[in-house]
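Structural overview
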Amino acid sequence: MKPAILIARAIFPEIIERLSGYFDVESNQEDIIFTAPELLAKLKGKQGVLCTASARLNAELLAQLPALKMVANMAVGYDNLDLPACTARGVMASNTPDVLNETTADFAWALLMATARRVTESEHWLRAGKWNKWSYDAFLGADIHGATLGIIGMGRIGQAVARRSMGFDMRVVYHNRSRLTDQQESYANNAVYVSKEELLKTADHVILVLPYSTETHHTIGAAELLMMKPSATLVNLARGGIVDDVALIAALRQQKIAAAGLDVFENEPKFHPDFLTLKNVVLTPHIASASEATRRAMANCAADNLIAGLSHQRPPNLLNPAVFVN
Ligand code: GLV
């Protein structure tokens, strides 16, 4: 008998077909967002699950799923999983790193450029029929070229963002849990390691690419926003909760910083409605990794992990190797 799995959200049909070769698959092409009791009911008796960040796999849920052996998260971030609880219960967990680095770094630049050069704000104005003459001071923004770029979170995606800054002749400063090697720093446009405070005080553009955890909750709050230059832009494409959205709304409203570009929000998709009242913010619906090729690569990567894990092979992106038993 094939092991039973749940694909918790809608996915490319070829992934369902691929996984059906190995497993008895229950899919969710209607893309229902299951409540916790619904998710529990769907997962009862399943050995594996392919899920996304919208599924909260916490200790309470895992305790009621003795058959579960493998959770394959289709995302690089995995703050939706209680990893210690997975490990304690012998459940393997995996994510989808690397395949999305370059696409996500491209998007960081899309968001930064749109924010600093007021692309969406001016487009809304044009679409509203307000453009009747050219003006010397219409939609003046901040330059990207020659500016100082601050990156908080200098993992694989942060380094890919930094590499792209070479073409804009930028100086890069970064802050990270640990310092990169000299070789990594030189490949990342000679990025210079600084404290968070120095980065916030000196950068013209700040990009957040760090993982979410209780330690990184509200890395950017009211005090940090006050340290930034009034002309600075802030871009968050990491996770909601890294920025205190209420504090950011106040800072944007009072022009303590010039503008923000946000792909992620606290409590998304129910983001704070006051963002919609602000002109100096660019808002996108968590799409940094959303290129056709990359989303297919992420789905296949999650499937690779699930297939390996439930076939007594080590999943290539296993997050908790302690639980792997051959
Ligand atoms: C997307 O947010 C991811 O973590 O892959």
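None of the values given here were measured: they were computed from a predicted structure. (Residues numbered from 1 in each chain as written. Predicted model: local features only at pLDDT ≥ 70, side-chain atom pairs only at ≥ 80, totals over all residues. Heavy atoms only, no water.)

For the ligand, the full set of nearby residues is A75, V76, G77, L100, R239, H286 and M298. With respect to the ligand, the backbone of G77 contributes an N or O atom lying 2.8 Å from an oxygen atom. Measuring from an oxygen atom of the ligand, one finds a side-chain N or O atom of H286 at 2.6 Å. Calculation on the ligand without its partners gives an accessible area of 190 Å², and the protein chains cover 86% of this total. For the shell around the ligand, the class distribution of residues is four nonpolar, two polar and one charged. (Near = heavy atom within 4 Å. Polar contact = N/O pair within 3.5 Å; in protein donor to acceptor, adjacent residues only side chain to side chain. Areas by Shrake-Rupley, 256 points an atom, 1.4 Å probe, with all protein chains shown as cover. Nonpolar A, V, L, I, M, F, W, Y, C, P; charged D, E, K, R; others polar.)

Applying the stated criterion across every chain yields a total of 17 salt bridges. A salt bridge links E26 to K42, with the shortest nitrogen-to-oxygen separation between them at 2.9 Å. Pair noted here: E26 is in strand β2 (residues 24-26) and K42 is in helix α2 (residues 36-43), with a separation of 16 residues, a long-range link. Accessibility expressed as a relative area gives 28% for K42, which makes it partly exposed. A cluster of three or more residues bridged by salt bridges with shared partners is formed by E102, D106, R163 and R164. (Salt bridge = Lys/Arg side-chain N within 4 Å of Asp/Glu carboxyl O. Helix = DSSP H or I, 4+ residues; strand = E, 2+ residues; numbered from the N terminus. Buried < 20%, exposed > 50% of the residue type's maximum accessible area, 1.4 Å probe, protein only.)

Burial within strand β6 (residues 148-152) is extensive, with five of its five residues counted as buried. Side chains T148, G150 and I152 of β6 all project onto a buried face; the interleaved residues L149 and I151 project onto the opposite face, where all are buried too. Where β6 meets strand β7 (residues 171-175), five bridges bridge the pair, whose relative direction is parallel. The partner of T148 across the bridge, within β7, is R171. At this point the chain moves from β6, through helix α7 (residues 156-164), to the parallel β7, and the crossover so formed is right-handed. Where β6 and strand β9 (residues 205-208) come together, four bridges link them in parallel fashion. Paired with I151 across the strands is I207, a residue of β9. (Pairing = 2+ DSSP bridges. Right-handed = clockwise from strand over helix to strand, strands pointing away.)

Before going further, it helps to spend a moment on a nonpolar patch on the surface. On the surface, F271, L276 and L283 cluster together to form a nonpolar patch covering roughly 260 Å² of accessible area. Relative to the elements of secondary structure, F271 occurs in the loop between β11 (259-262) and β12 (281-283). Judged by its relative accessible area of 30%, F271 falls in the partly exposed class. (Patch = residues over 30% accessible without salt bridge, like charges linked within 9 Å, V, L, I, M, F, W, Y side chains within 5 Å.)

All buried positions along α2 are accounted for by L39, L40 and L43. Each buried residue of α2 lies within a common arc of 100° when the element is viewed along its axis, so the set occupies one face. Across α2 from its buried face, at more than 90 degrees, point the exposed residues P37 and A41. Check the buried side of α2 and you find it contacts β1 (4-7), β3 (48-51) and α3 (59-62). A positive phi of about 80° marks G45, the residue just after α2. (Arc of directions from axis to C-beta. Contact = heavy atoms within 4.5 Å.)

Moving on, we get to the domain arrangement of the protein. Split by domain assignment, the protein resolves into domain 1 (4-98 + 292-323) and domain 2 (101-283). With centres defined by C-alpha atoms, the gap from domain 1 to domain 2 works out at 31 Å. Taken together, the contact pairs eight residues of domain 1 with six residues of domain 2. Summing both sides of the interface, domain 1 and domain 2 together bury roughly 580 Å²; the carbon and sulfur share of this comes to 41%. The three residues of domain 1 that bury the most area against domain 2 are D79, D98 and T294, which together make up 71% of that side's buried surface. Counting the contacts that link domain 1 with domain 2 gives two salt bridges. Partitioned by chemical class, the residues of the side of domain 1 that touches domain 2 number four nonpolar, two polar and two charged. (Domains from an automatic or database assignment. Buried area = accessible area lost by both parts, 1.4 Å probe.)

Glancing now at the packing of helix α1 (residues 13-20) against helix α12 (residues 292-309). Between α1 and α12, the least distance of the axes is 10 Å, while the angle of their chain directions is 15°. The angle between α1 and α12 falls in the class roughly parallel. Seen from above, α1 lies across α12 with right-handed handedness. Here α1 contributes E14, I15, R18 and L19 to the contact with α12, which in turn contributes R296, A299, N300, A303, D304 and I307. Here the residues of the contact of α1 with α12 are counted per class, giving five nonpolar, one polar and four charged. (Axes fitted to C-alpha atoms, helices over the stretch in contact; angles between N-to-C directions. Parallel < 35°, antiparallel > 145°, perpendicular 65-115°, else oblique. Left-handed = near helix turned anticlockwise from the far one by under 90°.)

We now examine the sheet that holds strand β10 (residues 233-236). The sheet built from seven strands is open, its strands ordered β8-β7-β6-β9-β10-β11-β12 with parallel pairing. Strands with a single pairing partner mark the edges of an open sheet, and in this sheet they are β8 (192-193) and β12. In terms of strand pairing, β7 meets β8 through two bridges, oriented parallel. When the sheet's bridge partners are listed, Y174 is paired in β8 with Y193. Each of β6, β9, β10, β11 and β12 is contacted by helix α5 (residues 101-116), which is oriented at about 150° to β10, the strand it contacts most.

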